[in-house]
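Spelled out, the chains give:
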Amino acid sequence: MSDVILSTVDEGLARLTLNRPERLNAFNAELAHAWRDATADAVARDDVRAILIDAAGPSFCAGGDVIEMATTTGAGTDITALAEVINSGIRSLTESAVPVVVAAHGTTAGGGLGILLSSDYAVVGSRSRLGSLYANIGLTPDLSVSAQLARAVGQRRALQLVLQDRLLTAEEAVDWGLAAEEVRGEDAAGEAELVRSRAEEIARFWLAGAAEAYGQAKRLVRSQPERTFAEQLSEEARSIGAAMATPDAQARIAAFAAASSRSAR
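Reading the values: rules and limits
- Residues numbered from 1 in each chain as written.
- Predicted model: local features only at pLDDT ≥ 70, side-chain atom pairs only at ≥ 80, totals over all residues.
- Heavy atoms only, no water.
- Helix = DSSP H or I, 4+ residues; strand = E, 2+ residues; numbered from the N terminus.
- Rg over C-alpha atoms; globule rule 2.2 N^0.38 Å.
- Buried < 20%, exposed > 50% of the residue type's maximum accessible area, 1.4 Å probe, protein only.
- Contact = heavy atoms within 4.5 Å.
- Areas by Shrake-Rupley, 256 points an atom, 1.4 Å probe, with all protein chains shown as cover.
- Lys, Arg positive; Asp, Glu negative; His and termini not counted.
- Charge placed at Lys NZ, Arg CZ, Asp CG, Glu CD.
- Core = buried A, V, L, I, M, F, W, Y, C linked by side-chain atoms within 4.5 Å.
- Phe/Tyr/Trp six-rings, centres within 6.5 Å; stacked < 30°, edge-to-face > 60°.
- Patch = residues over 30% accessible without salt bridge, like charges linked within 9 Å, V, L, I, M, F, W, Y side chains within 5 Å.
- Salt bridge = Lys/Arg side-chain N within 4 Å of Asp/Glu carboxyl O.

A. Structural context of the overall build of the chain. Scanning the chain from terminus to terminus reveals eleven helices and nine strands. Taking 2.2 N^0.38 as the reference for a compact globule, 265 residues should give roughly 18 Å; the C-alpha atoms of the chain span a radius of gyration of 19 Å, in line with that estimate. Oriented by its inertia axes, the alpha-carbon framework of the chain measures out at about 70 × 45 × 40 Å. When each of the 265 residues of the chain is scored for burial, the buried share is 43%. Counted over contacts in the chain with a minimum sequence separation of 6, partners at least 24 positions apart contribute 69%. As presented, the chain carries roughly 13,100 Å² of accessible surface, and 55% of it is formed by carbon and sulfur atoms. Treating the 25 positive side-chain charges of the chain as one cloud and the 35 negative ones as another, the clouds have centres 6 Å apart.

B. Inspection of the nonpolar core at higher detail. Counting residues in hydrophobic clusters, the biggest one holds 49 residues, and the most contacted among them are Leu18, Phe27, Trp35, Ile51, Phe60, Leu149 and Leu178. In contact with Leu18, not counting residues within four places along its chain, are Val4, Ile5, Asn25, Phe27, Leu31, Trp35, Asp54, Ala55, Ala56, Phe60 and Cys61. Counting residues in hydrophobic clusters, the runner-up holds 13 residues, among them Leu13, Ala50, Ala199 and Ile202.

C. Structural view of the packing of aromatic side chains. Applying the stated rule across the entire model yields two aromatic pairs. Aromatic side chains Phe27 and Trp35 sit 6.0 Å apart centroid to centroid with 90° between the ring planes, which places their arrangement in the edge-to-face category. For Trp35, a relative accessible area of 0% translates into the label buried. Plain terms: the ring middles of Phe205 and Tyr214 are 5.7 Å apart, the flat faces sit at 45° to each other, and that makes the pair tilted.

D. Quick peek at a nonpolar patch on the surface. Together, Val66, Ile137 and Leu139 line one region of the surface with nonpolar side chains, adding up to about 250 Å² of accessible area. Judged by its relative accessible area of 42%, Leu139 is partly exposed.

E. Expanded view of the pattern of salt bridges. Applying the stated criterion to the full structure yields 21 salt bridges. Among the salt bridges present, the one from Glu191 reaches Arg127, with a minimum N-O distance of 2.7 Å. Residue Glu191 is found in helix H8 (residues 188-208), and its partner Arg127 is found in the loop between strand E6 (121-125) and strand E7 (129-131); the two are separated by 64 residues along the sequence. The partner of Glu201 in a salt bridge is Arg198, and the shortest N-O contact between them spans 2.8 Å. Of the two residues, Glu201 and Arg198 are both situated in helix H8; the distance of three residues between them amounts to about one turn of the helix. The exposure class assigned to Arg198 is partly exposed, which follows from its relative accessible area of 26%. Here the salt bridges do not stand alone but share partners, grouping Asp10, Arg15, Asp54, Glu200 and Arg204 into one network.

Written as structure tokens, this is what we have:
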């Protein structure tokens, strides 16, 4: 696998690191294909129960490498094909039953916002800035931004972001619901490390607990738009029944019952 993505698995945690720091981790063809392959591999592995996405260098992801694309791909059909490659990786994450946390320090813009939205929990730094900025260069949202942004922040706020030349502050990103937590460091480099560290704490929390149940809960929420209300209720009922039969749930329920019995005495 190309080193434009660094991929490791450690005790159930897959870490995928975007590694084009000299281009602010903007996607070119090489990164697009590496992203597709790394995400597909991570969600397919039996030993992966949580995924962490972070990035090397001063920023998380500046979206697409427009300058390289303009000089190497040419036709708009080529850009469409490349976007579909990246979309494959986005679908791997969002359609899986593996919870995903992202550590987004520095700037997250354009398609980078779509990568962030493909996570289930986002940690940003106090210096982080997040936005769309597509129209600044005459382009339209891609990489799931139009599909996921309004679900995350509401339609009116989504429109505010895509129809303005605006980068949200970290505080605004948390307030809007784009990010779950903001981490503050003394300087940019130290803050980036703290963001990564906090994201790993979140992933390790999932791994130390009922990781399969967290993953199935993520799947239920993510897949809900595909079903009617009645269908979702049926899928919830099916899912909790399947969970009840797992050894992990049986052990946890027994421990809960024992603790409740002791406290009642």
